[in-house]
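# Architecture at a glance
One-letter residues, chain by chain:
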Amino acid sequence: MQEVQERTGGESETAMERLSRDPSSRKRFLKMVGGAGAAGAFSVLLAACGSDNKKDTTSSGAAATGAQGGSNAGDLKIVNYALTLEYLEAEFYKEVIASGQIKDKPTAELAKKFGQTEQEHVAALTAVVKKLGGTPAPKPKTKFGPVIDGGAKKILTTAAAVENLGAAAYLGQAANIKSAEILAAALSIHSVEARHASTLNTALGMPATPDGAFAKPADMATVLKTVKPYIAS
């Protein structure tokens, strides 16, 4: 993906802030994430997060800057955080498929496809961490046994909860990311997580868009607390 070179707003400026005021940067950014179709998604992110959103000190910190110049510690932390979530999702689907608990063939195939997608996210985020000069977060040991042993309904309910949480997690960090290139990658993954969530919500008879017209973001502390039961200590 082409990187945005300009940084006229200073190193403390986030990608969302820079893109909201700079048409030329915004145009290049939209090319990164798919052209005209991305414009609507970018507008939704601005509405949900706000271009003047307060920084999430849990996730980025004052020293963070983009991939261009200075420290990229904030973006690196966010990418490793996302990587940890993707590890959990990929492992969950892997264990679900191996368990044979999903007897319905179309549903089992869907779980397999979702698992493959999450593994691709793992690979992509791992590459981003390395590009930033960092060390990928270690893969956590998981404990999905109680969920899987609970049968198909519990598995699907948990899958929906995790996918909805994943979408909210990416949205929650959008306004904190400094690099437009990384924001583009996060946006492209966020949309897939949201589609997974919508599909599972519908299968369970839940609203496809439970938050209405605008998705609700979740901060890092909330997300990590929610997934903690699935991580073996």
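Residues numbered from 1 in each chain as written. Predicted model: local features only at pLDDT ≥ 70, side-chain atom pairs only at ≥ 80, totals over all residues. Heavy atoms only, no water.

## Describing empty space enclosed by the protein
With the rule as written, the count across this model stands at four cavities of 30 Å³ or more. A volume near 130 Å³ is recorded for the largest cavity. In terms of lining residues, the largest cavity is bounded by 14 residues, among which Ile78, Val79, Ala82, Tyr170 and Ala186 are the most central. Among the elements of the structure, α4 (73-99), α5 (105-131), α7 (152-173) and α8 (180-203) are those that each provide at least two residues to the lining of the largest cavity. Tallying contributions element by element places α4 first for the lining of the largest cavity, with five residues. (1 Å grid on protein atoms, 1.4 Å probe; cavity = no way out; pocket = protein on both sides within 12 Å on 5 of 7 lines; lining within 4 Å. Points joined across faces, edges and corners; volume = space filled by probe spheres on them. Helix = DSSP H or I, 4+ residues; strand = E, 2+ residues; numbered from the N terminus.)

## Side note on the confidence of the model for the protein
When pLDDT is averaged across the protein, the result is 80; 71% of the residues are at 70 or more. Throughout residues 35-71 the model reports pLDDT below 50, and contacts reaching past four residues in sequence, or to other chains, amount to 83 contacts. (pLDDT = per-residue confidence, 0-100. Contact = heavy atoms within 4.5 Å.)

## Some remarks on the packing of α4 against α5
When two helices pack together, their arrangement is given by the angle between the helix axes and by the axis-to-axis distance. It is the contact of α4 with α5, at a shortest axis distance of 8 Å, that shows an interaxial angle of 155 degrees. One way to sum up the angle between α4 and α5 is to call them roughly antiparallel. Crossing geometry of α4 relative to α5 is assigned as left-handed. Of the residues assigned to the contact of α4 with α5, the class counts are 15 nonpolar, five polar and four charged. (Axes fitted to C-alpha atoms, helices over the stretch in contact; angles between N-to-C directions. Parallel < 35°, antiparallel > 145°, perpendicular 65-115°, else oblique. Left-handed = near helix turned anticlockwise from the far one by under 90°. Nonpolar A, V, L, I, M, F, W, Y, C, P; charged D, E, K, R; others polar.)

## Side note on the environment of Thr226
Examined against the element boundaries, Thr226 turns out to sit in helix α9 (residues 220-227). A sequence separation of 61 residues divides Thr226 from Leu165, and the C-alpha atoms of the two residues are 8.5 Å apart. Polar contacts involving the side chain of Thr226 include one to the main-chain carbonyl oxygen of Thr222, which spans 2.8 Å. (Polar contact = N/O pair within 3.5 Å; in protein donor to acceptor, adjacent residues only side chain to side chain.)

## Some thoughts on the nonpolar core
Residues Phe92, Tyr93 and Val223 are the most contacted members of the largest nonpolar core, which totals 25 residues. Contributions of two or more residues to this core are made by α4, α5, α6 (145-149), α7 and α9. The contact partners of Phe92, leaving out residues within four places of it in the chain, are Phe144, Val147, Ile155, Thr158 and Ala159. If you look at the next biggest cluster of nonpolar residues, it comprises 19 residues, including Tyr87, Tyr170, Ala174 and Ile189. (Core = buried A, V, L, I, M, F, W, Y, C linked by side-chain atoms within 4.5 Å. Buried < 20%, exposed > 50% of the residue type's maximum accessible area, 1.4 Å probe, protein only.)

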